[in-house]
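Coordinates in review
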Amino acid sequence: MIFVIEILYHHKEKASITCPYQTMNMKLHTEAVDYLFDAILSLKDRDECYTFFEDVCTINEILSLSQRFEVAAMLRSGKTYLEIAEKTGASTATISRVNRSLNYGNDGYDMVFKRLNESEAES
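Residues numbered from 1 in each chain as written. Predicted model: local features only at pLDDT ≥ 70, side-chain atom pairs only at ≥ 80, totals over all residues. Heavy atoms only, no water.

1. Looking at the side chain of Thr 88
Formally: The secondary structure listing takes helices from DSSP runs of H or I that are at least 4 residues long and strands from runs of E that are at least 2 residues long, numbered from the N terminus. Partly exposed describes any residue whose relative accessible area lies between the buried limit of under 20% and the exposed limit of over 50%, with all areas from a 1.4 Å probe on protein chains only and scaled to the type maximum. Polar contact is defined as a pair of N or O atoms within 3.5 Å, subject to the rule that within protein one atom must be able to donate a hydrogen and the other to accept it, and that residues adjacent in sequence are counted only when both atoms are side-chain atoms. Contact between two residues is taken to exist if any of their heavy atoms lie within 4.5 Å; hydrogens are not considered.
Relative to the elements of secondary structure, Thr 88 occurs in helix 4 (residues 81-88). On the accessibility criterion, Thr 88 (16% relative accessible area) is buried. Reaching out from Thr 88, the side chain makes a polar contact with the backbone oxygen of Ile 84 at a distance of 2.7 Å. Once residues lying within four places of it in the same chain are set aside, the contact partners of Thr 88 are Gln 67, Glu 70, Val 71 and Met 74.

2. Details of a nonpolar patch on the surface
Spelled out, the test is: Patch building starts from residues that exceed 30% relative accessible area and form no salt bridge, then joins like charges within 9 Å and nonpolar side chains (Val, Leu, Ile, Met, Phe, Trp, Tyr) within 5 Å. A 1.4 Å probe and the Shrake-Rupley method give the accessible areas. Residues count as covered only by the protein chains that appear here. By definition, a salt bridge exists where a carboxyl oxygen of Asp or Glu is found within 4 Å of a side-chain nitrogen of Lys or Arg.
Together, Phe 69, Met 111, Val 112 and Leu 116 make up a nonpolar patch on the protein surface, roughly 300 Å² of accessible area in all. Position of Met 111 among the secondary structure elements: in helix 6 (residues 108-122). Met 111 gets classed as partly exposed once you look at its relative accessible area, which sits at 41%.

Note that all results are geometric; they support no functional claim without further evidence.
This is how it looks when you write it as structure tokens:
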């Protein structure tokens, strides 16, 4: 999806900018976030991920991210909210938010699940 941003100049003229990002929140797309993502992309293996994320995030933040990812995988595999809540400890509100991202988000979860499945098939 491409969207248009209207800019109101100080002399009250409008200009439109076509933005190629899907539905990415423009507040998220900053130089600082780009720098963080570049840092993440520079990590070479799982041990480096543990080292980096333990410094950058709290344990609870890492566990929350991993819980959402597990919830997404379980939703994609057809598990019910009850099954997911029992296995992961996630609240129904969290499960619902993840489900909304799966159905109406930027397809980020599905992109990663596809790559993980391809990687497992190659192994």
